Amino acid sequence: MIINTTILSWVTFIYFGSAIFYIFKMVTGKEFWGSLASIIAFIGLIAQTVGLILRWFESYKMGIGHAPLSNLYESLIFFSWTIVLLYLIIEWRIKSRNLGAFVVPFAFFSMAFASFSPNVNARIQPLIPALQSNWLISHVITCFFGYAALTIACGLGFMYLLKGLEKGERPRLFFRLLPGREIVDELTYQSVVIGFIFLTLGIITGSVWAYSAWGSYWSWDPKETWSLITWFIYAAMLHSRFVRGWRGKRMAIMSIIGFTSVLFTYFGVNYLPGLHSYF
Amino acid sequence: MKKTFFSFLSSLKLTIILLIIIAVASIVGTIIPQQYEGGESFQHLSPGLVKVFNSLQLFDMYHSVWFIILMGLLSLNLIVCSLNRLPASWKLFSTIPSPDRRKPFEHLPPESVILIEKDRNEVINSVENRLRRKYKKIRRKDADSITFFYGEKGAYSNFGVYIIHLSILIIITGATIGSLLGFGAFVNIPEGESTNTVHLGRQKGVKKLDFTVRCDKFSISFYDNGMPKEYRSNLSFLKDNNVILQGPLLVNHPITFNGIRFYQASYGTTPGGLAYITVNRENTEETTLKVKQKDSFYLKEKNATVNIVKIEKNFMSMGPAVLLHIQNPEGTVRIWVFKRIEQMRDRIPDLIKKVPTFNPGRYKPYYFELNRIESNYYTGLQLSQDPGVVIVAIGSFFVILGLSITFFSSHKRLWVRVDDQEGKSRISVGATSNKDPVGLKRETEYLLRHFSSMG
């Protein structure tokens, strides 16, 4: 095994540990577990960054140098990297560690899928002609930052719904430790906005690329179509908030529905015939 | 009646319904194979179902009449909604509320009111200076012992959403122009050949170009692990037999000629390929010819035409072979010319007697030899002309601009009241914002900190 894949498969375990400690923190309410989880997540992020950079170097050593963003394995790694990066920024800004239990598991699942699924090839492969484009990096980066922000919105949606289960005058400690509903709602909205803007940028950079590679900026390829469907869902969500004033539970449910569409855009489309066959 | 129809057109409900229908239809479109993806995929459907799908235009759904109507309705809805809400936004943008409104100062949190031990006039001056530096449309109103100020910033943020809607309409317009005035086409050109006729994609039929494209060479290169590295077509573009433009066409590097963009889309080998045949006349004359299937050449002495009927890489497991039909006034002679005829004869000595068509010397006084067979590539080119692209690009740019304005700016309105309280000057700050309450809070806190520092 090459060094970068070894590092990256270790990162899977690091994120697993971090996710477990975030859950400990949420259940027990002890800040100790939260700090531990944050530190571990941060170490994981640094190790993952090093792994990605090493992978980049190794590809150059092999004479087929390209950014590590070119197949399913690399996209899954990058996906979890963006999730943890965005999450840690949010944690640092809101000074609360409760969200980790809802977000870091996604990063772990993505890493685990990349590292252990027999269908995911971890080898560094050269770029086929269709991927030899300067648009590869900007397209993949914008798409995955969008996916990551929408993943965080989904985690917040789950958190909001869980919060909705609390009953009575004096709810259990567990519920009291979760942030207030307005804060969760506002954070969901902000994450969706960031995700929506990056998704838009991802669609536009993809169109520009398609215009120089496939002969048309829009071909109704399944991935294109599903990205548009996802865009519609989040556009509808933002409109119902601005125009109808929808808040809270409805937003939480919509952020989860939107995320299933994101997942289908990312994975499900691979089972349909189309041009995006390399991801 | 008219009014209810208009309000239906401008309702968010219609938007949501349309978005859901378009989304569901698009999902169907990704499941049912679309025509241009190649027809063989709907063979497993029953003929009845194919008929139903055909009448609903489901095999070319994204260009079907009903899908276009849906898109048209969505655009109409977008226009009506935007026009409906525009006057209110314009009012928010242009009107300046009076500085001495009471409402902004109701229910002010205690931290929004500060007391300063300084002369009121001095305080008023410094408040006004600060506001003028940081805010726009400053209004001042002096009452007996109270002075009011109004200021705002980011009024343009009310228009962000209209920029987005307008740019989506621009994109739809560009796409419509492209599909009405542009075309997409494809053509396969074997190496060494040229053409000026291409097959239209959606519109069907053929199109004649007013120039000729020649494929001089097609080549593929591979990485060490066997993955394709590069597809390259060397193309020449000719007008009146003069080469105007020449260049390599690669994936991701289209060539534009005469306003038409050429893309490297696919490749393949022509049936048979290229055969190198040596024609030997009683060991005195020898010529080697490079031929393709359906080619023919002439044998002057016998007034005969040799037609290359078939080129087989491995005919009946006996290796490369070429089928010739030699036509002369007396009739047609068929010969299969094998590359490995010697080995075949060694194994079956009376082969030629048994199967006369396998005799390379059957047509006397000639003797045919097959030297080798090579693959003959054709390049698959995609062509497109789309006058709407520039419009779509402009629209996309403004979508991003509109999104940035909508989500990263807010219309902040600020009311400041300065009055006396127990010999001190009191400053109260009330503020509203169309979005971004967090940013607004940060801003008023900053302003109050500045005011209190002058005391």
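Because the structure is a prediction, the values reported are computed rather than measured.

Conventions used here
- Residues numbered from 1 in each chain as written.
- Chains lettered and ligands numbered in written order.
- Predicted model: local features only at pLDDT ≥ 70, side-chain atom pairs only at ≥ 80, totals over all residues.
- Contact = placed C-beta atoms within 7 Å.
- Helix = DSSP H or I, 4+ residues; strand = E, 2+ residues; numbered from the N terminus.
- Nonpolar A, V, L, I, M, F, W, Y, C, P; charged D, E, K, R; others polar.
- Pairing = 2+ DSSP bridges.
- Axes fitted to C-alpha atoms, helices over the stretch in contact; angles between N-to-C directions.
- Domains from an automatic or database assignment.
- pLDDT = per-residue confidence, 0-100.

Peer 1: Describe the interface of chain B and chain A, naming the residues involved and giving the relevant values.
Peer 2: Taken together, the contact pairs 37 residues of chain B with 32 residues of chain A. For the side of chain B that touches chain A, the secondary structure elements donating two or more residues are α2 (12–31), β7 (228–239), β10 (260–269), β18 (377–385) and α9 (389–408) of chain B. Looking at the side of chain B that touches chain A, the element that brings in the most residues is α2 of chain B, giving 10 residues. Classifying every residue of the side of chain B that touches chain A by side-chain character gives 23 nonpolar, 10 polar and 4 charged.

Peer 1: Mind laying out the pairing of β18 of chain B, listing which residues take part and the relevant values?
Peer 2: Residue and element names in this part refer to chain B. In this structure, strand β4 (residues 183–190) lies alongside β18, joined through 8 bridges in antiparallel fashion. Residue pairing across strands places N188 opposite G380, the latter belonging to β18. Here 8 bridges tie β10 to β18, and the two strands are oriented antiparallel to one another. Paired with Y267 across the strands is T379, a residue of β18.

Peer 1: Could you give an account of unusual backbone geometry, with specific residues and numbers?
Peer 2: Residues and elements named next belong to chain B. Following K364, the chain continues into P365 via a peptide bond in cis, with omega recorded as 5°. By the element assignment, P365 lies in the loop between α8 (351–354) and β17 (366–374). Although it is not a glycine, K294 adopts a positive phi angle of roughly 75°. Looking at where K294 falls in the secondary structure, it is placed in the loop between β12 (285–292) and β13 (296–299).

Peer 1: Break down the sheet that holds strand β8 (residues 242–250) of chain B for me, citing the residues and quoting the values.
Peer 2: Residues and elements named next belong to chain B. Here we have 8 strands laid out as an open sheet, ordered β8-β7-β6-β5-β4-β18-β10-β9, and antiparallel in their pairing. Two strands lie at the open edges of the sheet, namely β8 and β9 (255–257), each paired on one side alone. Within this sheet the neighbouring strands show an average axis-to-axis angle of 40°, counted without direction. As paired elements, β7 and β8 share 8 bridges and run antiparallel to each other.

Peer 1: Please set out the pairing of β10 of chain B residue by residue, giving values where relevant.
Peer 2: Residue and element names in this part refer to chain B. Bridge count for β9 against β10 is 3 bridges, and the pairing is antiparallel. Each bridged residue has a counterpart across the sheet, and for I255 the counterpart in β10 is F262. Counted between consecutive antiparallel strands, the loop separating β9 from β10 contains 2 residues, among which N258 sits at a positive phi close to 55°.

Peer 1: How would you explain the domain arrangement of chain A if you had to name every residue and give the values?
Peer 2: Residues and elements named next belong to chain A. Domain annotation of chain A identifies domain 1 (1–122) and domain 2 (130–279). Once you take the C-alpha centre of each, domain 1 and domain 2 turn out to be 19 Å apart. Across the contact, 23 residues belong to domain 1 and 23 residues belong to domain 2. Among the elements of the structure, α1 (3–28), α3 (72–94) and α4 (100–116) are those that each provide at least two residues to the side of domain 1 that touches domain 2. Of all the elements, α3 adds the most residues to the side of domain 1 that touches domain 2, at 10 residues. Here the side of domain 1 that touches domain 2 is built from residues that sort into 16 nonpolar, 7 polar and no charged.

Peer 1: Run through the sheet that holds strand β3 (residues 147–153) of chain B, naming residues and quoting values.
Peer 2: Residue and element names in this part refer to chain B. The strand order β1-β20-β19-β3-β2 describes an open sheet built from 5 strands, whose pairing is antiparallel. A strand with exactly one partner marks an edge of an open sheet, and here the two such strands are β1 (113–116) and β2 (136–142). Taken over all neighbouring pairs, the strand axes of this sheet differ in orientation by 15° on average, direction set aside. Docked against the sheet, helix α5 (residues 120–134) engages β1, β2, β3, β19 (412–421) and β20 (424–433), running at close to 170° with respect to β19. Contacts from helix α10 (residues 437–453) reach β1, β19 and β20, with the element oriented near 165° to β20.

Peer 1: Tell me about the confidence of the model for chain B, residues and numbers included.
Peer 2: Overall, the predicted model of chain B reaches an average pLDDT of 88, with 97% of residues at or above 70. Taken together, the chains of this predicted complex give a pTM of 0.86 and an interface ipTM of 0.90.

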